[in-house]
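# Observations on the three-dimensional arrangement
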Amino acid sequence: MLTDTSTPRPATPETAAGSLAGRRSHDDAPDTAALFDRLVELDDGPEREVVRDALVAAWLPMAHRIAGRFRDRGELLEDLRQVAALGLVRAVDRYDPSRGAFESYAVPTITGEVRRHFRDRMWAVRVPRRVQELRNRVRLARRELAQRPGAAEPTTADVAAHTGLTEEEVSAGLEALESFRALSLDAELPTGDEGSSLADTLGAADASYDVVVDREAAKAGLRRLPERERAILYMRFFEDATQSRIADRFGISQMHVSRLISRSCARIRAEALAERPGDRVAA
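Let us look at the structure shown here. Bear in mind that the values here come from a model prediction, so they are computed numbers and not experimental data.

The rules we used
- Residues numbered from 1 in each chain as written.
- Predicted model: local features only at pLDDT ≥ 70, side-chain atom pairs only at ≥ 80, totals over all residues.
- Heavy atoms only, no water.
- Helix = DSSP H or I, 4+ residues; strand = E, 2+ residues; numbered from the N terminus.
- Buried < 20%, exposed > 50% of the residue type's maximum accessible area, 1.4 Å probe, protein only.
- Contact = heavy atoms within 4.5 Å.
- Areas by Shrake-Rupley, 256 points an atom, 1.4 Å probe, with all protein chains shown as cover.
- Phe/Tyr/Trp six-rings, centres within 6.5 Å; stacked < 30°, edge-to-face > 60°.
- Polar contact = N/O pair within 3.5 Å; in protein donor to acceptor, adjacent residues only side chain to side chain.
- Patch = residues over 30% accessible without salt bridge, like charges linked within 9 Å, V, L, I, M, F, W, Y side chains within 5 Å.
- Salt bridge = Lys/Arg side-chain N within 4 Å of Asp/Glu carboxyl O.
- Lys, Arg positive; Asp, Glu negative; His and termini not counted.
- Charge placed at Lys NZ, Arg CZ, Asp CG, Glu CD.

What follows concerns the overall build of the protein chain. When you go through the protein chain residue by residue, the secondary structure sums to 12 helices and 0 strands. Written out in order from the N terminus, the α and β elements of the protein chain read α-α-α-α-α-α-α-α-α-α-α-α. Within the protein chain, the proportion of its 283 residues that are buried is 30%. Residue pairs at least 24 apart in sequence account for 51% of intrachain contacts in the protein chain once pairs closer than 6 positions are excluded. Per element, the accessible surface of the protein chain, about 18600 Å² overall, is 51% carbon and sulfur.

Okay, here's the thing in structure tokens:
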């Protein structure tokens with residue numbers, strides 16, 4: 001039996017739980033009208049939290065039942081129950097007892113929360129809400145048409161006639177049917193060699209592009225080097241000549257060749273990496 005809520009005695013978990021005695025057998029719609037009336041009267045505080053928690057616990061089986069309607073759609077049932085429970089909490093907080101039975105308010109609130117979860121969290125690629133709605137209408141229409149006795153696979157025109165949509169809208173909905181989940185790169189291709197996957201069809205970055213970019217970036221700096229430094233770099237990096245051979249060619253020491261190569265490379269690198277012509281570093 002419910003505790004007389006007209007007394008000033010604060011609600012406790014025991015007295016709030018007593019309101020569950022009005023639950024009917026095999027029914028997840030308990031009689032909690034008195035608790036809701038009490039909740040409206042209470043200000044924020046421990047007592048209100050106790051009553052609120054009791055209401056959520058009483059109606060939680062209904063939230064779980066609603067979540068069960070969305071099973072087998074690619075989401076774990078436990079996660080769906082968590083989402084439905086969140087919708088239930090929001091329904092309890094926003095419910096106005098003067099506007100009718102709680103169940104008639106809570107069911108669409110919880111259902112909407114679960115549907116928003118699928119709409120906003122389950123799509124691998126975010127698509128416009130309009131396309132999501134087209135997907136749902138096309139999916140339901142195809143199922144209804146396929147259930148007719150002797151019915152063949154419904155065509156785009158059949159779905160359009162059944163739903164009142166245009167064939168272009170039906171086509172967009174059909175494409176969205178295949179876009180809810182991203183295809184794994186390890187997925188085996190329907191055609192081709194056995195064991196080949198989608199990843200095998202993807203291109204890879206060509207390292208030669210980086211070489212082209214680097215050469216173009218270095219060209220201007222190479223042109224500005226003195227002729228002797230250009231010749232030394234050409235012998236070192238294009239003819240693979242040793243520093244001793246280069247020193248003999250120009251009549252300088254090997255140490256001097258090493259310093260010229262380092263200084264020239266540093267100058268070209270600085271000019272290639274500079275963001276503005278004024279940032280170029282002189283030798």
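Below, the discussion takes up the packing of aromatic side chains. The tally for this structure, following the rule as stated, stands at 6 aromatic pairs. When the centroid spacing of 4.7 Å and the interplanar angle of 75° are considered together, the rings of Phe36 and Tyr95 count as edge-to-face. Of the two residues, Phe36 sits in helix 2 (residues 33–41) while Tyr95 sits in the loop between helix 4 (77–94) and helix 5 (102–121), which places them 59 residues apart along the sequence. Summarising the aromatic geometry, the rings of Tyr95 and Phe102 are spaced 5.1 Å apart at their centres and angled 75° between planes, so their arrangement reads as edge-to-face. Residue Tyr95 shares its accessibility class with Phe102, and that shared class is buried.

Within the secondary structure, Arg38 is located in helix 2. Here Arg38 falls in the buried class, since its relative accessible area comes to 13%. A distance of 2.7 Å separates polar atoms of two side chains, one belonging to Arg38 and the other to Glu47.

A surface patch of positive charge is lined by Arg69, Arg73, Arg115 and Arg143. Tracing the backbone through its elements, the reader meets Arg69 in the loop between helix 3 (46–68) and helix 4.

What follows is about the side chain of Glu113. Among the secondary structure elements, Glu113 is positioned in helix 5. A polar side-chain atom of Glu113 sits 3.0 Å from a polar atom in the side chain of Arg90. Glu113 has contacts with Val83, Leu86, Gly87 and Arg90, leaving out every residue within four places of it along the chain.

Scanning the model with the defined rule gives 14 salt bridges in all. A salt bridge links Arg116 to Glu113; its shortest N-O distance comes to 2.9 Å. Of this pair, Arg116 and Glu113 both sit in helix 5, 3 residues apart, roughly one helical turn. Judged by its relative accessible area of 35%, Arg116 falls in the partly exposed class. Classification of Glu113 as buried rests on a relative accessible area of 9%. Glu169 is the salt-bridge partner of Arg130, the closest N and O atoms lying 2.8 Å from each other. Highlighted residues: Arg130 in helix 6 (residues 129–146) and Glu169 in helix 8 (residues 167–177), separated in sequence by 39 residues. For Arg130, a relative accessible area of 41% puts it in the partly exposed group. One salt-bridge network, in which partners are shared between bridges, spans Arg38, Glu41 and Glu47.

Glancing now at unusual backbone geometry. Of note, the phi angle at Asp240 is positive, near 55°, even though the residue is not glycine. Inspection of the secondary structure assignment puts Asp240 in the loop between helix 10 (227–237) and helix 11 (243–250). By relative accessible area, which is 61% here, Asp240 ends up exposed.

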